[in-house]
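# Descriptive analysis of the structure
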Amino acid sequence: MKVAIVGATGMVGEVMLKVLAERNFPISKLLLVASERSKGKTLTFKGQPYTVITLEEALAEKPDLAIFSAGGETSLIWAPKFAAVGTTVVDNSSAWRMDPNIKLVVPEINANILTKKDKIIANPNCSTIQLVLVLAPLHKAYTMKRVVVSTYQSVSGTGVKAVQQMENEVAGIKAEMAYPYPIHRNALPHCDVFLENGYTKEEMKLAREPRKILGDDSFAITATAVRIPTSGGHSESVNVTFEQDFDLQELRRLLSETPGVVLQDNPDTNTYPMPIYAHDKDDVFVGRIRRDESQPNSLNMWIVADNLRKGAATNAVQIAEYLVGNKLL
């Protein structure tokens, strides 16, 4: 299978190559693609050197699969061009997620909606993926009415410039800043750009994407997204109100049996999810599960995942694996 990785030199692109190698994804020819300024760079995959090529060169190769991690503007222009030559595109950007004609997929939840006709498939927002993996079984069992989520997102979600800003600040170096304020010893209630309604784009992604993935507009979601000085891993404080009451032990058992979810929930031993523990893992971790004593049928919990892996690269590769396994490519 001829596979193109678009945005191969970026943070997600690097993790994508790592995940493809780890999972031994079937590749007969690998095309590593980046912007014109990265053309000719050498990257390594499974111990072999590969020369970075441009989008035009990759398009001419008509790959079977292209995984895009190069930003929304690039995806809007180039994903349709690849689809037009028969390539199936799995896109990591926000460009296609809320397009009514494009599927938004978390494989454990809704991969079964994919068909051979889907030539552009959207990978959800990193914070959305970890949220819906936990919410999906709970919604099925108890029917959600309202979700309130506050995120604590790592600088790696912004990109390499933000990671560099934090490292520079820790080292006391004044240099280019990715954020309008220092991030070291700080917390910025500002993920992505602000919209006219006062929310950021990240917060609106969290409000809209879960309903599309779960195929249900009957519940409401509101979000506050905060950037914190961790180098990797996103955390979420989640409050859910259900139509039906629940038994906490049954609810914990339900989550412990959910594919892709790991229950870490024992206050007696200080066992709870943390970004430092989720680092370089593909699972979504959930803990601090407790009743909201201020509202009936309501629950509080804490969800953590590696935003570059399950939040981006791993989910995209899992989509590709589903396409291969079900002969949809």
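Whatever comes next refers back to the structure up there.
Residues numbered from 1 in each chain as written. Predicted model: local features only at pLDDT ≥ 70, side-chain atom pairs only at ≥ 80, totals over all residues. Heavy atoms only, no water.

## Structural notes on the sheet that holds strand 12 (residues 261–263)
Across the sheet, which stays open at both edges, the six strands sit in the order 10-9-11-14-13-12 with mixed pairing between neighbours. Where the open sheet ends on each side, the last strands, each with one partner, are strand 10 (220–227) and strand 12. Mean inter-strand twist for the sheet, computed between neighbouring axes without regard to direction, equals 20 degrees. As paired elements, strand 9 (residues 144–153) and strand 11 (residues 234–242) share eight bridges and run antiparallel to each other. Of the residues in strand 11, the one forming a bridge with Val148 is Asn239. Against the sheet, helix 5 (residues 126–142) engages strand 9, strand 11, strand 12, strand 13 (284–291) and strand 14 (298–305), with an angle of about 25 degrees to strand 11. Against the sheet, helix 7 (residues 201–214) contacts strand 9, strand 10 and strand 11, and its axis sits at roughly 140 degrees relative to strand 10. (Pairing = 2+ DSSP bridges. Helix = DSSP H or I, 4+ residues; strand = E, 2+ residues; numbered from the N terminus. Axes fitted to C-alpha atoms, helices over the stretch in contact; angles between N-to-C directions. Contact = heavy atoms within 4.5 Å.)

## Re the side chain of Asn110
You can see Asn110 is positioned in helix 4 (residues 107–110). Since its relative accessible area comes to 5%, Asn110 is described here as buried. At a separation of 2.9 Å, a polar atom in the side chain of Asn110 contacts the main-chain amide nitrogen of Val106. Setting aside residues up to four positions removed in sequence, Asn110 forms contacts with Leu104, Val105 and Ile213. (Buried < 20%, exposed > 50% of the residue type's maximum accessible area, 1.4 Å probe, protein only. Polar contact = N/O pair within 3.5 Å; in protein donor to acceptor, adjacent residues only side chain to side chain.)

## Brief notes about the packing of aromatic side chains
How two aromatic rings sit relative to each other is set out by the distance from centre to centre and by the angle between their planes. Summed over all chains, the structure comprises seven aromatic pairs. For the ring pair Phe45 and Tyr50, a centre distance of 6.3 Å and an interplane angle of 70 degrees mean the geometry is edge-to-face. Between Tyr142 and Phe242, the ring centres sit 5.6 Å apart and the planes meet at 65 degrees, which makes this aromatic pair edge-to-face. Of the two residues, Tyr142 is situated in helix 5 and Phe242 in strand 11; the sequence distance between them amounts to 100 residues. Pair check on accessibility: Tyr142 and Phe242 agree, each one buried. By the ring-pair criterion, three or more aromatic residues cluster together here, those being Tyr142, Phe242 and Phe246. Between Lys281 and the ring centre of Tyr277, over which it is positioned, the NZ or CZ distance is 4.3 Å. Geometry around Phe246 places Arg291 over its ring, the cationic atom sitting 4.3 Å from the centre. (Phe/Tyr/Trp six-rings, centres within 6.5 Å; stacked < 30°, edge-to-face > 60°. Lys NZ or Arg CZ within 6 Å of the ring centre and 35° of its normal.)

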